[in-house]
Amino acid sequence: MAERTLHKTPGSLEHYLSDYESARQRFDWSESRRALTGSSDPHLNLAHEAVDRQVERGRADQIAARFLDREWRRVDVTYGDLQRHSNQFANVLRSLGIARGATIATLLGRVPELFSAALGAVKAGNVFCSLFSAFGPDPLKTRLQLGHVQLLVTTENLYRRKVAPIRSDLPELRSVLIVSEGTERKLPEGTSDFACLMDGASDAYQTTLTRDTDVALLHFTSGTTGKPKGVTLTHAAVIAQHATSQLVLDLHPGEVYWCTADPGWVTGIAYGLIGPLTCGVQLIVDREEFDPQRWYQILEEERVNVWYTAPTAIRMLMKAGTALTRERHYPQLRHMASVGEPLNGEAVLWGVEAFGMPFHDTWWQTETGAIMIANFAACDVLPGSMGRAVPGVEAQVVRRTAQGTLEVVESPEQVGEIALRPGWPSMFSSYLEDPERYRQSFLDGWYLAGDLARRDNEGYFWFVGRADDVIKSAGHLISPFEVESTLMTHPAVAQVAVIGVPDPIAGQAVKAFVELRSGFEGNDALRRQIMGHARRLLGAVVAPREIVFSDSLPRTRSGKIMRRLLRARELGLPEGDLSTLEGRE
Ligand code: 6R9
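Predicted model only: the values in this text are computed from it and were never measured.

About the thresholds
- Within each chain, residues carry numbers counting from 1 in the order of the written sequence.
- Restriction of local features to residues with pLDDT of at least 70 applies here, the model being predicted, together with a cutoff of 80 or more for giving and counting side-chain atom pairs; totals for whole chains, interfaces and linings are based on all residues.
- Side-chain numbers come from the whole structure's heavy atoms, not from hydrogens or water.
- We count a stretch as a helix when DSSP gives it H or I for four or more residues in a row; a strand needs E for two or more, and each element gets its number in order from the N terminus.
- What the globule rule says is 2.2 Å times the number of residues to the power 0.38, and the radius of gyration is computed from C-alpha atoms.
- Accessible surface is estimated by sampling points in the Shrake-Rupley manner with a 1.4 Å probe; for residues, cover comes only from the protein chains shown.
- Only four residue types enter the charge count, namely Lys and Arg as positive and Asp and Glu as negative; His and the chain termini do not.
- Charged side chains are reduced to one point each, which is NZ for Lys, CZ for Arg, CG for Asp and CD for Glu.
- Every axis corresponds to a line fitted to the C-alpha atoms, with the helix fit spanning only the stretch in contact, and the corresponding angles, defined between N-to-C directions, vary from 0 to 180 degrees.
- Whether a crossing is left-handed or right-handed is set by the direction in which the near helix is turned from the far one by less than a right angle, anticlockwise for left-handed and clockwise for right-handed.
- Working rule for contacts: check all heavy atoms of both residues, and any pair within 4.5 Å makes them a contact.
- Amino acids are sorted into nonpolar (Ala, Val, Leu, Ile, Met, Phe, Trp, Tyr, Cys and Pro), charged (Asp, Glu, Lys and Arg) and polar (every other residue, Gly among them).
- What makes a salt bridge here is a side-chain nitrogen of Lys or Arg within 4 Å of a carboxyl oxygen of Asp or Glu, nothing more.
- Put simply, a residue is near a molecule or strand once any heavy atom of it comes within 4 Å of that molecule or strand.
- Any pair of nitrogen or oxygen atoms within 3.5 Å is treated as a polar contact; in protein, a donor-acceptor pairing is required on top of that, and neighbouring residues in sequence qualify only through side-chain atoms on both sides.
- Accessibility here uses a 1.4 Å probe with only protein chains present; expressed as a share of the type maximum, an area under 20% marks a residue as buried, one over 50% as exposed, and anything in between as partly exposed.
- Note: two strands are recorded as paired if DSSP finds a minimum of 2 bridges between them.
- Along the chain, pLDDT gives the predictor's confidence residue by residue, from 0 to 100.

**Overview of the overall build of the protein**
Right, on to step 1. When its secondary structure is counted, the protein shows 20 helices and 28 strands.
Right, on to step 2. The C-alpha atoms of the protein give a radius of gyration of 24 Å, which matches the 25 Å a tight globule of 585 residues would have.
Right, on to step 3. Across its three principal axes, the protein shows a C-alpha extent of roughly 70 × 60 × 55 Å.
Right, on to step 4. Split by element, the accessible area of the protein, about 23000 Å² in all, is 48% carbon and sulfur.
Right, on to step 5. When the 63 basic and 72 acidic side-chain charges of the protein are each reduced to a single mean position, those positions are 2 Å apart.

**Examining the packing of helix α5 (residues 52-59) against helix α6 (residues 79-95)**
Right, on to step 1. Axis separation between α5 and α6 bottoms out at 9 Å; the angle between their running directions is 145°. Seen from above, α5 lies across α6 with left-handed handedness. Side by side, α5 and α6 meet where Asp52, Gln54, Val55 and Arg59 of the first sit next to Tyr79, Gly80 and Gln83 of the second.
Right, on to step 2. For the contact of α5 with α6, the class distribution of residues is two nonpolar, three polar and two charged.

**Some remarks on the pattern of salt bridges**
Right, on to step 1. The full count for this structure, using the stated rule, is 34 salt bridges.
Right, on to step 2. The residue Arg100 makes a salt bridge to Asp214 at a minimum N-O spacing of 3.4 Å. Taken together, the positions of Arg100 in the loop between α6 and β3 (103-107) and Asp214 in the loop between α10 (194-199) and β8 (215-221) put the pair 114 residues apart, joining distant regions of the chain.
Right, on to step 3. With its nearest N and O atoms 2.5 Å apart, the salt bridge here joins Asp286 to Arg294.
Right, on to step 4. Three or more residues joined by partner-sharing salt bridges are found here, namely Arg66, Arg74, Asp76 and Glu302.

**Let's talk about the site of the ligand**
Right, on to step 1. Not every one of the 18 residues close to the ligand is listed here, only the nearest: Asp361, Thr362, Thr366, Asp451 and Arg466.
Right, on to step 2. Interatomic distance of 3.2 Å between a backbone N/O atom of Gly340 and a nitrogen atom of the ligand.
Right, on to step 3. Between the ligand and Thr362 there is a distance of 2.7 Å, counted from a nitrogen atom to a backbone nitrogen or oxygen.
Right, on to step 4. Out of a free accessible area of 530 Å², the ligand has 91% covered by protein chains.
Right, on to step 5. Of all the secondary structure elements, the ones that give two or more residues to the shell around the ligand are α12 (266-278), β14 (359-363) and β23 (461-466).
Right, on to step 6. The element best represented in the shell around the ligand is β14, accounting for three residues.

**Side note on the packing of helix α7 (residues 112-123) against α12**
Right, on to step 1. Interaxial distance between α7 and α12 falls to 11 Å at its minimum, and their mutual angle equals 65°. Between α7 and α12 lies a crossing of right-handed hand. Contacts between α7 and α12 involve Phe115, Ala118 and Leu119 from the first element and Gly272, Leu273, Ile274 and Leu277 from the second.
Right, on to step 2. Here the contact of α7 with α12 is built from residues that sort into six nonpolar, one polar and no charged.

**Comments concerning helix α16 (residues 345-355)**
Right, on to step 1. Within the span of α16, buried status applies to Gly345, Ala347, Val348, Trp350, Gly351, Ala354 and Phe355.
Right, on to step 2. At its buried positions, α16 is contacted by α13 (292-301), β12 (306-309), α14 (311-320), α15 (322-325), β13 (335-338) and β14.
Right, on to step 3. With its phi angle positive at about 80°, Gly356 sits one or two positions after the end of α16.

**Let's talk about the sheet that holds β12**
Paired through their backbone hydrogen bonds, the strands of a sheet run either parallel or antiparallel.
Right, on to step 1. Sheet architecture is open: nine strands sit in the order β2-β1-β11-β10-β12-β13-β14-β15-β16, paired in mixed fashion. Both edges of this open sheet fall to β2 (74-78) and β16 (388-389), since each of them pairs with a single strand only.
Right, on to step 2. Its contacts with the sheet place α6 against β1 (63-68) and β2, and it is angled at close to 75° to β2.
Right, on to step 3. Running over the sheet, α13 touches β1, β2, β10 (256-259), β11 (282-286) and β12 and is turned about 160° from β11.

**Focus: the environment of His329**
Right, on to step 1. Looking at where His329 falls in the secondary structure, it is placed in the loop between α15 and β13.
Right, on to step 2. Taking the relative accessible area as the measure of exposure, His329 reaches 53% and is therefore exposed.
Right, on to step 3. Put simply, His329 and Glu301 are 28 residues apart on the chain and 9.1 Å apart in space, counted from C-alpha to C-alpha.

**Description of the confidence of the model for the protein**
Right, on to step 1. The predicted model of the protein averages 90 in pLDDT, with 92% of residues at 70 or higher.
Right, on to step 2. Scored below 50 in pLDDT, residues 580-585 makes 26 contacts in the model with residues more than four places away or belonging to other chains.

In structure tokens form, the structure reads like this:
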């Protein structure tokens, strides 16, 4: 655990969160709901709050989102535009005979049409699902089938490559709308032109009366057994997404905010679209892929105030070197946060070195629908810790007893599973067509997240690993993350993944796969040096017994290093559903 505490960002939400305990006590979700909607109307619509409510509050002409393309062309969409476009899309759905409640999906890059479709579908009382545009036909087929998707919005190119080959397996897919990319050819058979339908539709639409408990969003998440899980979130999710956008991301109206997550993943919708819009910010949406120079240019030229990104990206920026960071200036930047995978203390501190402020780690899952644990802008940051429970969220570390009940782990040294007390508004409402799996996620009045952690006496959570990733060696529970964090402190190490491999004596032994920083050569001398470093800092029991150099560690498309795949390869086991693996289509 890190010994250093980084002191809070001055000025941010001080009035609210500086006294964390009393903020928790005062917090009440029904008040958040009222603060969001400004009323106690029993109807609630997630997209209406994100768009129409903002227009009501005088933001019609304010930029809601700025899209950047490869040539640095900017396309600005105002809140007024978003309202008109989402209304048009809602009317298109009705004109095509799509009934309320049916699922609408997009298979698109980061383009304005994705926003119109997402918000329009939800306003119309439909369920919206954003599919990651780099998925290939097989994972798409599984998801489109499982989601019973009736209408898909995509491009001609994506359609021809990925959807046309599986279309005959999708009898429920009634309509496909094609968004033009300017490379006009004939519309593929069985599809319609998105722009044409939108032009013909009225831009007035009275938001369908939906309730808190109606499903609004469908996200797919990867299961450990290999089959994707369809996670449904209700309209009430917007209450938590809004509250956390304020409390954790510290978003204020009119500010510039950049979430680097793709809308094909939950973060890209909850915090790349819905939550921030309910705060009246201006979103930055980069259509291009990761590139250090480009990212620094965006932070500087777009005058980004708040930045929400991910550990892999941060580590890649670290790898590119702090000199590059310093070529530009970011006087507007005042808050940086991270999510999705363990954020090493090293990376938090690098934020201070490179930008003059730490990255604030946040923890949540598709199933939780919103941030649950966080380092708050107004509170001290403990590097390496995920932070404390969000007000309104009861989080604990628990373990199973022999009686099949749960008990809260009191000792800060003891590892247990992260458990959340149901009652926060964005909790998932089902796993599609898998009520059994849903039921199994709850025990003894808690939702079990499947992540292992420790909780210290101040209530800070320290990530240990996925429940199935932790290594047991010679009776010791070893956190791959802990080993990785230490290996990361070696100057030659750029990325690292640690898994447990079978060992006849110790049960499991620790094995590390290391990606080196440029300029280092993976030879025996370096291997011994890193090994010595790890032994010294971790002790011989915890240090890796074996280190292998790898040019590129397998990652999911959302950037997580796939320990599971490394382990499967190591053990010669089937590799499972690899549909989210980087570089495969
Ligand atoms: C938002 C998102 C959820 C899983 C989660 C955990 C891992 C997320 C983390 C983290 C360590 C953090 N995870 N945040 N691990 N530190 N700050 O990523 O949702 O794609 O469903 O993944 O990601 O294992 O259980 P999702």
